[in-house]
Protein chains: 2
Amino acid sequence: MKIIIDAYGGDYSPIEMIKGSITAVNSIDDVEIIITGDKEQIENLLKENGYTGDRISVYHAPETISCEESPTMAIRKKKESSLVAGLNLLKENDEIVAMISAGSTGAVLAGGLFIVGRINGVKRPALAPFLPTMYEDKKTLLIDCGANVDCKPEYLQQFAVMGSIYVKSMRGIENPKVALLSNGIEDTKGNDQIHKAFEILKNTKEINFVGNIEGRDMFTGEVDVVVSDGFTGNVAMKAAEGTINVFTSVLKQEIKGGGLFAKLGYLLLKKPLKRLKKRINYTEVGGSPFVGLNKILIKSHGSSKANTIYSCVLQAVEIHKSNYIEKMKEGIEKSSIIEEK
Amino acid sequence: MKIIIDAYGGDYSPIEMIKGSITAVNSIDDVEIIITGDKEQIENLLKENGYTGDRISVYHAPETISCEESPTMAIRKKKESSLVAGLNLLKENDEIVAMISAGSTGAVLAGGLFIVGRINGVKRPALAPFLPTMYEDKKTLLIDCGANVDCKPEYLQQFAVMGSIYVKSMRGIENPKVALLSNGIEDTKGNDQIHKAFEILKNTKEINFVGNIEGRDMFTGEVDVVVSDGFTGNVAMKAAEGTINVFTSVLKQEIKGGGLFAKLGYLLLKKPLKRLKKRINYTEVGGSPFVGLNKILIKSHGSSKANTIYSCVLQAVEIHKSNYIEKMKEGIEKSSIIEEK
C-alpha cells in the first residue's frame, strides 16, 4: 500500500517527516512511502537517519508553500511544490491510496478540493478528526473542524451523513449517534444557523440524530459524531487544546513550587501522567482526514513530530482497509440530501 | 452595600445559595444580603445553618423559573418568582448595588434586559467572565460568552469597547489588548462575520486591537479581552470546561490503575493538584457579569455551590468598588460606535 508524505510544511519539517516515514515502514509491514520534496535533501536525511531500505522513495518537488501565501494561488502556481506534486501523484495513481501533509491548512484544503476532487454529490468536504474522550475505547468524530468557515444548514446536514458513514466504516458502529454542536442541549438553543440545521437534521432519515450538544459534552463519549460548521468546530477544538496546555503548564508550576514532596509525588506519578498525556493528546490519534474527497487526504497538525506522522500513516492504513471511500460513494449516492437553495 | 441573591435556579438551590450568603456576610465586612425566595423555607434554612445575625434578610418571592420555560414569557408572567422580584428590587433601590443568580441563563438575560435595562447607547449587553490563564496574576475577559447568539459585526465592536472599559476598571490595565476569536491568527482568517468585524475593529480608535486569536491562545494570557459572538464564545468556554473534566477524570483513572506507587505519588501531589484545580476552575473566580446593564447583574454557573456564590459576592463587591457602571456610562457616551445598519 503506497502512501505519500509531504516533506514540507509544519514546524518541524522536513526532518520529523523523514523520521516518521522511517518509523512507519519499519513498523508496518505492507506500507511503502513516497516522500515529496527536494530529492537530494531528503535522500541525505534518509541516509543520515540510517535508512537504507527500498520502501521509501523520494519524488522530486523542491518548492514549498508557506502559511502566508494565498492557498488557491499557491495551488495553481506552485506545481513543483511538495504538496501540489504529491496531490497530483495521489490523483493519478490508483495504487497510491493516501497522502499526509502537515502544511498550510488552507493550501491542503484547496489542493484537496481542486486537484484530488470531491466524491460525486458531496457539496463540501470537511475536516473530521476523532477527539479523545473520558473512555479509552471511545472516540468522538468532530465534523467540520476547519474546512468550511461559512456553512449553509444543508452543508451541516451532509456533514452529519458523511460523519455517520465514516464512523460506521472506521469503528463498526451500526447506528452512530449524531449531535449538533450548540450553546445548550435544549432543542431551542443555538443561533439562526443551528435552528435551521436542527430542523433539517431531525428529518434526515439516514442518521441517528440525538439533538444538540454543548461544548462541555464533546469529550464525554456520549455521542459518536459532533456536527459543526468549520469555524465553531475549529475554535472548540483549539480551546480544548489550549486548555490542555494550561493544565499541563499550571501543573508543572505547582509541582515546581510544591517542594520536595511534590517532586517525589511527580516522579511516582510520571507513568500515569505520561499515559494521561497520550490519551488526551489528539495528535496521538493522527490527523484530520479531509472527508468527502475521492482519495484519502490527512491534514496533520502543524506542530507534528515523527510520532504524529507515524500515527497519521497508521490512520491512513486503517481508513484504507475499512474501504471507506467506496462506502462513502455508495452512501452519498443513496442519501436524500435536501437540495442546496 | 446591599446585594441580592436569587435563592432558586441552579442545580444545588436553595441550600448552597443560603450557605454562600452566610459565608459572604461572615467574611466581608460591609455586605448585606437580601435573599429572594420562599420566606419560610429560606428562614428555616438560615436557622438550620446557624445564622442568627441581621445582615441577611429574606424577600418573599416563592415562584421558581425552570430552564424549560420560555425566558421572556416567564419574566413577563412570574412576577412572584425569586428572579423577577429580585430584579425589580435591584432596579428600584439605589442602595442595592448588585444581584447574583444561578438560574436559567435565558431568564436571567431576558430579565436583565427588560427589567434592569441597558445603559444608554448599549446595543446588546453581553456576558463577560474572566478566564483563567497560565499565569496566576493574569485573567482574560471573554465577551460575549452566551448572551447574543446572533451578532452583527457592530455588536462585536461594542463588545470590544465594553470589554476594554470593564477590564480597565476592574484590573487597572490602561490600554487593554483586544483580540477577535477566530480560526487562525492571520488577518484573513475567520468567517464572513469575523472578516467584517475585523475591518471595523481595526478602525475603532477607542480600543487597542491586536488582531485575531485562536481558541488555543485564549488561555495564554497574551491578551486582555477576547471578543466573540455569544454562540462561539459559549462553545469555546464550555469546550474548555469539558476538557478540564476529561483531564481530571482520566488522571483519576490512570492513578487508580497505576498501582501503589501512583497512589503514593497522588497523596504527595494532593496539595499542588488542589491548587491547580482552584487556579483553572473558572467557577472559582465568580460568575459572568452581564455587562452593559444599568446595574451589576452576575450570572452564576448552574452548578454553583456555596463557594461559587461567595466568589460571586466578592466579584460584585469588587465590580461595585471599581465604579464600573459610571465608567461604562461615560465610555459608551464618548465612543464613536458605528451606527447599526
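Residues numbered from 1 in each chain as written. Chains lettered and ligands numbered in written order. Predicted model: local features only at pLDDT ≥ 70, side-chain atom pairs only at ≥ 80, totals over all residues.

Chemist: Got a minute to help me understand the interface of chain B and chain A in this structure?
Modeler: A common way to express how large an interface is: the accessible area buried when the components associate. Taken together, the contact between chain B and chain A spans 49 residues of the former and 49 residues of the latter. At the level of secondary structure, the elements contributing two or more residues to the side of chain B that touches chain A comprise helix 8 (230–256) and helix 9 (259–280) of chain B. Here the side of chain B that touches chain A is composed, by residue class, of 25 nonpolar, 13 polar and 11 charged. (Contact = placed C-beta atoms within 7 Å. Helix = DSSP H or I, 4+ residues; strand = E, 2+ residues; numbered from the N terminus. Nonpolar A, V, L, I, M, F, W, Y, C, P; charged D, E, K, R; others polar.)

Chemist: In this structure, what is going on with the sheet that holds strand 8 (residues 177–181) of chain A? I would like to understand it.
Modeler: The strands that make up a sheet are held in pairs by hydrogen bonds between backbone atoms, and each pair lies either parallel or antiparallel. All names here are of chain A. Spatial ordering of the open sheet is given by 6-7-10-8-9, a layout of 5 strands whose pairing is mixed. Edge strands, defined here as strands with exactly one partner in the open sheet, are strand 6 (130–132) and strand 9 (208–213). On average, each strand axis in the sheet is inclined to that of its neighbour by 30°, with strand direction left out of account. In terms of strand pairing, strand 8 meets strand 10 (residues 225–227) through 3 bridges, oriented parallel. Its bridge partner lying in strand 10, A179 is registered against V226. The strands touched by helix 7 (residues 192–202) within the sheet are strand 8 and strand 9, with strand 8 carrying the most contacts at an inclination of about 165°. (Pairing = 2+ DSSP bridges. Axes fitted to C-alpha atoms, helices over the stretch in contact; angles between N-to-C directions.)

Chemist: Can you walk me through the sheet that holds strand 7 (residues 139–143) of chain B in this structure?
Modeler: Residue and element names in this part refer to chain B. Across the sheet, 5 strands lie side by side as 6-7-10-8-9; this open sheet has mixed pairing. Strands at the two margins of the open sheet, each flanked by one partner only, are strand 6 (130–132) and strand 9 (208–213). Geometrically, the sheet is characterised by an average inter-axis angle of 30° between neighbouring strands, direction not taken into account. Sheet analysis places strand 8 (residues 177–181) next to strand 9, joined by 5 bridges and oriented parallel. By the bridge assignment for strand 9, L180 is matched with N212.

Chemist: Can you walk me through the domain arrangement of chain A in this structure?
Modeler: Residue and element names in this part refer to chain A. Domain parsing of chain A yields domain 1 (1–122 + 292–322) and domain 2 (130–281). Taking the mean C-alpha position of each, domain 1 and domain 2 sit 26 Å from one another. Residue-level contacts link 6 residues of domain 1 with 5 residues of domain 2. Mapped onto the side of domain 1 that touches domain 2, the elements with two or more residues apiece are helix 5 (105–116) and helix 10 (306–321). For the side of domain 1 that touches domain 2, a count of residues per class yields 2 nonpolar, 3 polar and 1 charged. (Domains from an automatic or database assignment.)

Chemist: Would you mind going over unusual backbone geometry with me for this structure?
Modeler: Residue and element names in this part refer to chain A. The omega torsion of the bond from S13 to P14 falls at -5°, within 30 degrees of zero and hence cis. Going from I143 to D144, the amide bond is cis rather than trans, its omega being 15°. Positive phi outside glycine occurs at N323, with the angle close to 60°. Judged by C-beta crowding, with 10 C-beta atoms within 10 Å, N323 ranks as exposed. (Buried ≥ 20, exposed ≤ 12 C-beta atoms within 10 Å, placed from the backbone.)

Chemist: Could you clarify how one ought to interpret the relation of the copies chain B and chain A in this entry?
Modeler: Relating one copy of the chain to the other takes a rotation about an axis and a shift parallel to that axis. After a rotation of 180° and a shift along the axis of 0.0 Å, chain B superposes on chain A with an RMSD of 0.0 Å. The superposition of one copy onto the other is thereby described by a two-fold rotation axis. Considering only C-alpha atoms, the residue of chain B closest to the rotation axis is G265 of chain B, which sits at 1.8 Å. (Least-squares fit on C-alpha atoms with pLDDT ≥ 70 in both.)

Chemist: What is the right way to read the pairing of strand 7 (residues 139–143) of chain A from this model?
Modeler: The side chains of a regular strand alternate between the sheet's two faces. All names here are of chain A. Burial analysis of strand 7 places 4 of its 5 residues in the buried class, the great majority of the element. Relative to strand 7, strand 6 runs antiparallel, the two sharing 3 bridges. Looking at strand 7, one finds that F130 is bridged to L141. Hairpin connection between strand 6 and strand 7: a loop of 6 residues separates the two successive antiparallel strands. In the sheet, strand 7 pairs with strand 10 via 3 bridges, with the strands oriented parallel. Counterpart to L141 in the pairing with strand 10 is V225.

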